[in-house]
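Take a look at the letters that make up each chain.
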Amino acid sequence: SRTDHGEKGNDPKRSTEGETPVTSAMWRLDPKQDQPKLEIFAKGIRNAFGFCFDDRGRLFASENGPNADAPEELNFIEKGKHYGFPYRFADWDHKAYDDQPEMPAGLKTEPPVAMFDPHSSPSGVVYLGDDFPPPYRGTLLVARFGNLIGPKEVGFDIVRVKLKEDKKGSDPFMTADKKGSLPVLTGEVAPFMSPVARPTDLHLDGHGKIYVCEIWRQIHNAGEQQPGRILEIAVDR
């Protein structure tokens, strides 16, 4: 996004437009084209610092919230859907700011799969498949960079999100002759690893290993910013 909450005006530090049709969105481009055309895949996504696919091709993205103390999000991203920004944050049914724009009439927004502490700054996301022990298979790991504002220290860790499915509707991933039901997803957030010094991303190597990228060595919202590290988390075989 280009704004905190869709605000606009004459302040030289702000955009006079607020958000535009191509901001706070996830784009898709075809790299095989000489001049790829930008397609808006989904909208209403404030700041998605990480995204990944699960073993069924479903797309999940983290989302950092505004300066207001709204929960931050993990979203199941589907083509053509809207995820609330800048009209709604997480599960709030009220505005965070007086100058936040009004929800357009008839706009349907999607709820988050899971929510995190305000300002915990969820970043990299990975899906754990068959390379990992049974208790961890089918779950997502989300790195949380840690807060930069607010009095309470949150984040500086990696959390695990266990997905739960409620069968409703039809599943667009299935062929016409094998129609099933569309899972309505929710996620249960639990600790995985703490403390972690300002993690910015997670990466899988496909052999039961996760690599964690730290930006600098800081496990509190203060202190010296020494060089970060690459950490390896591996399955004990």
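Residues numbered from 1 in each chain as written. Predicted model: local features only at pLDDT ≥ 70, side-chain atom pairs only at ≥ 80, totals over all residues. Heavy atoms only, no water.

(A) Structural context of the packing of aromatic side chains. A complete count under the given rule lists four aromatic pairs for this structure. Here the aromatic rings of F85 and F89 are separated by 5.9 Å at their centres, their planes lie at 55°, and the arrangement is tilted. Take F85 and F89: they sit in the same class, and that class is buried. Relative to F192, the ring of Y136 lies with its centre 6.0 Å away and its plane at 85°, an arrangement referred to as edge-to-face. (Phe/Tyr/Trp six-rings, centres within 6.5 Å; stacked < 30°, edge-to-face > 60°. Buried < 20%, exposed > 50% of the residue type's maximum accessible area, 1.4 Å probe, protein only.)

(B) Broad picture of the sheet that holds strand β5 (residues 72-77). Spatially, β3-β4-β5-β6 is the arrangement adopted by the four strands of the open sheet, whose pairing is antiparallel. Taken across any chain shown, the strands that pair with only one partner, and hence form the sheet edges, are β3 (51-53) and β6 (114-116). Direction aside, the axes of adjacent strands within the sheet are offset by 20° on average. Where strand β4 (residues 59-63) and β5 come together, five bridges link them in antiparallel fashion. Residue pairing for β5: S62 is matched across the bridge by L74. (Pairing = 2+ DSSP bridges. Helix = DSSP H or I, 4+ residues; strand = E, 2+ residues; numbered from the N terminus. Axes fitted to C-alpha atoms, helices over the stretch in contact; angles between N-to-C directions.)

(C) Focus on the state of the cysteines. The full count for this structure, using the stated rule, is zero disulfides. Lacking any disulfide linkage, C52 is separated from the closest cysteine sulfur, that of C213, by 17 Å. On the basis of relative accessibility, which here comes to 28%, the residue C213 falls in the partly exposed class. (Disulfide = S-S within 2.5 Å.)

(D) How the structure looks around the environment of N64. Structurally, N64 is set in the loop between β4 and β5. Sequence-wise, N64 and P122 are 58 residues apart; in three dimensions their C-alpha atoms are separated by 6.3 Å. What N64 contacts, discounting residues up to four positions off in sequence, is R46, N47, F49, E72, S121 and P122. (Contact = heavy atoms within 4.5 Å.)

(E) Here's a closer look at unusual backbone geometry. Look at the link from F85 to P86: it is a cis peptide, with omega at 5°. Mapped onto the elements, P86 comes out in the loop between β5 and β6. Of note, the bond from S194 into P195 is cis; its omega dihedral lies within 30 degrees of zero at -5°. Within the secondary structure, P195 sits in the loop between β10 (182-193) and β11 (199-204). Positive phi outside glycine occurs at S121, with the angle close to 60°. Along the polypeptide, S121 turns up in the loop between β6 and β7 (122-128). A relative accessible area of 13% means that S121 is categorised as buried.

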